[in-house]
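# Architecture and fold: a report
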Amino acid sequence: MQIDAHQHFWNPARGDYGWMPADDAVLTRRYGPDHLRPALQSCGIDSTVLVQAAPSVAETEYMLGIADATPEVAGVVGWFDFERPDQAAEWDRLSQHPSLIGVRPMIQDIPDVAWMLGDNVAWAFDKLIALDLAFDALGFPRHLDPFLMLLKRYPTMRVVIDHGMKPQIHDSDPVAFTAWAEGMSRLADETGAFCKLSGLVTEASETWSAEALAPYVAHILEAFGPARVMWGSDWPVCRLRCEYEDWHDAAISLTRDVSPTERDMIFGQTAQKFYRLAPERSA
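Residues numbered from 1 in each chain as written. Predicted model: local features only at pLDDT ≥ 70, side-chain atom pairs only at ≥ 80, totals over all residues. Heavy atoms only, no water.

Before going further, it helps to spend a moment on empty space enclosed by the protein. Tallied over the entire structure, the rule returns one cavity of 30 Å³ or more. Considered as a void within the structure, the largest cavity measures approximately 40 Å³ in volume. In this structure, the largest cavity is lined by Phe-9, Pro-33, Leu-36, Arg-37, Leu-40, Thr-48, Thr-70, Glu-72 and Val-73. Tallying contributions element by element places helix H1 (residues 33-43) first for the lining of the largest cavity, with four residues. (1 Å grid on protein atoms, 1.4 Å probe; cavity = no way out; pocket = protein on both sides within 12 Å on 5 of 7 lines; lining within 4 Å. Points joined across faces, edges and corners; volume = space filled by probe spheres on them. Helix = DSSP H or I, 4+ residues; strand = E, 2+ residues; numbered from the N terminus.)

Okay, here's the thing in structure tokens:
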């Protein structure tokens with residue numbers, strides 16, 4: 001059983017992808033299950049976790065509709081407005097959908113680095129825990145300390161760090177690497193967070209190589225251990241650097257030193273355990 005723990009579908013015509021460039025040759029086009037399926041088959045991927053890409057409840061409903069019609073989609077990580085307690089009923093309604101497995105606010109795009117610690121959003125984290133939904137932590141290295149504080153505040157919240165917290169691989173800055181590595185180690189040691197082995201290729205330069213990613217992958221595996229690491233493609237964002245198969249091949253190569261049992265964790269079992277994916281939708 002192989003699971004891609006992080007991929008996207010979108011249609012720019014929907015109009016709620018505010019981060020998307022107006023005319024990017026790679027990103028600004030429709031991506032649906034029909035576009036991804038050949039890559040999944042080529043790489044032997046059985047199921048995927050479909051993750052939000054727009055800050056709207058409408059997109060969450062759009063993705064749940066895709067999940068209903070797409071056998072490969074084992075679960076959906078949606079979006080809710082953490083600043084609107086009056087919309088709590090939306091959480092209750094959509095949490096009844098069997099494919100909704102988690103929530104992701106787009107924290108990397110919020111100017112306030114400590115946004116997640118504000119009193120005005122505390123109700124949302126309580127709600128997340130009450131509904132037993134997972135939390136995808138999306139941020140940059142500058143968010144490492146605030147996320148550490150958040151996770152200690154809510155120790156029962158199921159959390160996975162997206163894209164290894166997006167280390168700035170393209171800079172090749174040893175000081176930045178050390179700061180990132182220390183922050184990630186604290187998250188691993190002091191909380192129960194999981195981590196996605198995803199998105200790293202996009203943080204590298206256009207002339208990326210597996211060798212350039214190796215120190216980051218090695219640190220994630222050492223800090224969290226395979227039982228708390230899950231591979232994700234971050235497709236189609238990964239296409240800014242390479243095709244799905246290229247990143248999958250690189251990830252296989254970068255984890256060549258782990259045991260077969262540990263590789264099964266990274267490429268499937270960890271995601272199934274963390275997101276509590278039903279066997280019939282993840283096999």
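Our focus in this paragraph is the packing of helix H5 (residues 144-153) against helix H6 (residues 174-190). Look at H5 against H6: their axes get within 10 Å of each other, and the N-to-C directions meet at 5°. Relative to H6, the element H5 lies roughly parallel. Residues Leu-144, Phe-147, Leu-148, Leu-151 and Lys-152 of H5 form the contact with H6, whose own contacting residues are Ala-179, Trp-180, Gly-183, Met-184, Arg-186, Leu-187 and Glu-190. When its residues are assigned to classes, the contact of H5 with H6 shows eight nonpolar, one polar and three charged. (Axes fitted to C-alpha atoms, helices over the stretch in contact; angles between N-to-C directions. Parallel < 35°, antiparallel > 145°, perpendicular 65-115°, else oblique. Contact = heavy atoms within 4.5 Å. Nonpolar A, V, L, I, M, F, W, Y, C, P; charged D, E, K, R; others polar.)

Our focus in this paragraph is the packing of aromatic side chains. Applying the stated criterion across every chain, the model contains 20 aromatic pairs. A ring pair is formed by Phe-177 and Tyr-216, whose centres lie 5.0 Å apart and whose planes are at 85°; its orientation type is edge-to-face. A residue pair is termed long-range when its members are at least 10 positions apart, and Phe-177 in helix H6 and Tyr-216 in helix H8 (residues 210-224) qualify at 39 residues. Taking relative accessible area as the criterion, Tyr-216 reaches 8% and is therefore assigned buried. Ring pairs connect the aromatic residues Phe-80, Phe-82, Trp-91, Trp-115, Trp-123, Phe-125, Phe-135, Phe-147 and Tyr-154, which therefore count as one cluster. Sitting above the plane of the Tyr-62 ring, Arg-14 keeps its charged end 4.6 Å from the centroid. (Phe/Tyr/Trp six-rings, centres within 6.5 Å; stacked < 30°, edge-to-face > 60°. Buried < 20%, exposed > 50% of the residue type's maximum accessible area, 1.4 Å probe, protein only. Lys NZ or Arg CZ within 6 Å of the ring centre and 35° of its normal.)

Read these as layout, nothing more, since geometry by itself doesn't imply function.
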